[in-house]
Amino acid sequence: MNRVVSATPGELVAHGEKAVSAVLPGGFLKQSFIDWPGHIAAVLYTTGCNMRCVYCHNPGLVRPELIRPYGAAECRRIADWLVGNRNLLDGVVVSGGEPTLQRRLPGFLQWLRSCGFRVKLDTNGTNPQLLEELLHEHMVDAVSMDLKAPLELQAHREVCGRGITSAMVDRISRSLELLQAWDGEVEIRSTLFRPFHDHRAIREMYRSVTGTWTIQSYSPRVTLESMEAAPCEKEDILDMLGAGDDKAVGIRFR
Ligand code: SF4
């Protein structure tokens, strides 16, 4: 059993300040009803990402020149709020940026567990080694993984930037395999937009997902790169897959 399970609230907050600081947060939502469907969850956003998705809505967490990780006082306020409201929240979503880039993520998740939280991790799937460890150690209850493009280098470079390597695409495939074999709560989700996600891309992506595939509509509000793009319409996607009904093909539209 974790040493801090029976800690006082003050001890939990003191431990939490360090655990929160260690994952370099750059954003915090006290309460969300949409980031973990069916849960009232706080959301902590870590800074830094190894992708540069053209449609990314969080440049402040991704572009090194914009990143401002929270200082000690803010991290303490987050720890204080989480400990003080742990009976009101169902859980905590750890998002980013890319949380698995944080070496000390396991320690932070362990602290969340010691506070009694359920945990959901959002990831781009590029760190299957850490993901496997977290699943094996029961450090997360749910994982949402982005599938950005067909599992091919060129397609990933077009959506996620020139820095994507074939080793990264292999790691994304491995994470997908791990999650699809896991018996926890899994969401594989994709943001689809035209002209990139054409008939071929959508069919390839659909083929690589077993279980439900969640499709999020592309929104042109803030994006990392300026781009000419439009959302893929639900009817067009179902048409491409040769189905008239989203439930029949295992797709959830959000
Ligand atoms: S959308 Fe892409 S660039 Fe933005 S945080 Fe997620 S993985 Fe990183």
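Residues numbered from 1 in each chain as written. Predicted model: local features only at pLDDT ≥ 70, side-chain atom pairs only at ≥ 80, totals over all residues.

Per an unreviewed UniProt entry, the protein goes by the name Anaerobic ribonucleoside-triphosphate reductase activating protein and belongs to Prosthecochloris ethylica. The record in UniProt for the protein states the following under Cofactor (unreviewed entry): "[4Fe-4S] cluster". (UniProt positions renumbered as here; feature names shortened; annotations may be inferred.)

This paragraph deals with helix α3 (residues 72-84). For α3, which comprises 13 residues, the first-to-last C-alpha distance of 18 Å matches the rise-based estimate of 18 Å (1.5 Å per residue) to within 8%. Those residues of α3 that fall on the buried side of the exposure criterion are Cys75, Ile78, Ala79, Leu82 and Val83. Buried residues of α3, viewed axially, fall in a sector of 125 degrees; they line one side. Exposed side of α3, more than 90 degrees from the buried face: Ala73 and Gly84 are the residues found there. Each element contacted by the buried residues of α3 is listed here: α1 (9-21), β1 (25-32), β2 (41-46) and β3 (91-95). (Helix = DSSP H or I, 4+ residues; strand = E, 2+ residues; numbered from the N terminus. Expected span 1.5 Å × (residues − 1). Buried ≥ 20, exposed ≤ 12 C-beta atoms within 10 Å, placed from the backbone. Arc of directions from axis to C-beta. Contact = placed C-beta atoms within 7 Å.)

Following both chains from N to C, one finds α1 and α3 inclined at 130 degrees, their axes separated by 8 Å at the closest point. Classified by the angle their axes make, α1 and α3 are oblique. Crossing geometry of α1 relative to α3 is assigned as right-handed. Each of Pro9, Leu12, Val13, Gly16, Glu17, Val20 and Ser21 in α1 lies in contact with α3, whose residues at this interface are Ala72, Cys75, Arg76, Ile78, Ala79, Asp80, Leu82 and Val83. (Axes fitted to C-alpha atoms, helices over the stretch in contact; angles between N-to-C directions. Parallel < 35°, antiparallel > 145°, perpendicular 65-115°, else oblique. Left-handed = near helix turned anticlockwise from the far one by under 90°.)

The subject of this paragraph is the nonpolar core. If you look at the biggest cluster of nonpolar residues, it comprises 69 residues, and the most contacted ones within it are Val92, Phe108 and Val140. Non-local contacts of Phe108, meaning those with residues more than four positions away in its chain, are made with Ala19, Val20, Ala22 and Val23. (Core = buried A, V, L, I, M, F, W, Y, C linked by C-beta atoms within 7 Å.)

Every residue near the ligand is listed here: Cys49, Met51, Arg52, Cys53, Cys56, Asn58, Val62, Gly96, Gly97, Glu98 and Asn124. Looking at the shell around the ligand residue by residue, the classes come out as five nonpolar, four polar and two charged. (Near = placed C-beta within 6 Å. Nonpolar A, V, L, I, M, F, W, Y, C, P; charged D, E, K, R; others polar.)

Topologically, Ser190 is positioned in strand β6 (residues 185-194). Placed 23 residues apart in sequence, Ser190 and Trp213 show a C-alpha to C-alpha distance of 7.8 Å. If near-sequence neighbours (up to four positions away) are discounted, Ser190 is found in contact with Asp146, Leu147, Lys148, Met205, Trp213, Ile215 and Gln216.

Moving on to unusual backbone geometry. The step from Gly96 to Gly97 runs through a cis peptide bond, and the omega angle for that step is 15 degrees. Relative to the helices and strands, Gly97 is located in the loop between β3 and α4 (105-114). With an omega dihedral of 10 degrees, the bond running from Arg194 to Pro195 counts as a cis peptide bond. Locating Pro195 in the fold gives a position in the loop between β6 and α8 (199-208). One non-glycine residue, Leu24, lies in positive phi territory at about 50 degrees. Tracing the chain through its elements places Leu24 in the loop between α1 and β1. What makes Leu24 buried here is the crowd of 21 C-beta atoms within 10 Å.

Among the secondary structure elements, Arg254 is positioned in the segment after β9 (251-253). For Arg254, a count of 11 C-beta atoms within 10 Å translates into the label exposed. Spatially, the C-alpha atoms of Arg254 and Tyr45 are 21 Å apart, while their sequence positions differ by 209 residues. Not counting residues within four places of it along the chain, the set of residues in contact with Arg254 comprises Thr214, Ile215 and Gln216.

This part is about the pairing of strand β4 (residues 118-123). Of all six residues making up β4, five are buried, and the element is well covered by its neighbours. Bridge count between β3 and β4: four bridges; the pairing is parallel. When the bridges of β4 are listed, Gly91 appears paired with Arg118. Where the polypeptide runs from β3 across α4 and back to β4, its parallel neighbour, the crossover connection is right-handed. As paired strands, β4 and strand β5 (residues 142-146) are joined by four bridges and run parallel to one another. Bridge assignment links Thr123 to a residue of β5, and that residue is Met145. (Pairing = 2+ DSSP bridges. Right-handed = clockwise from strand over helix to strand, strands pointing away.)

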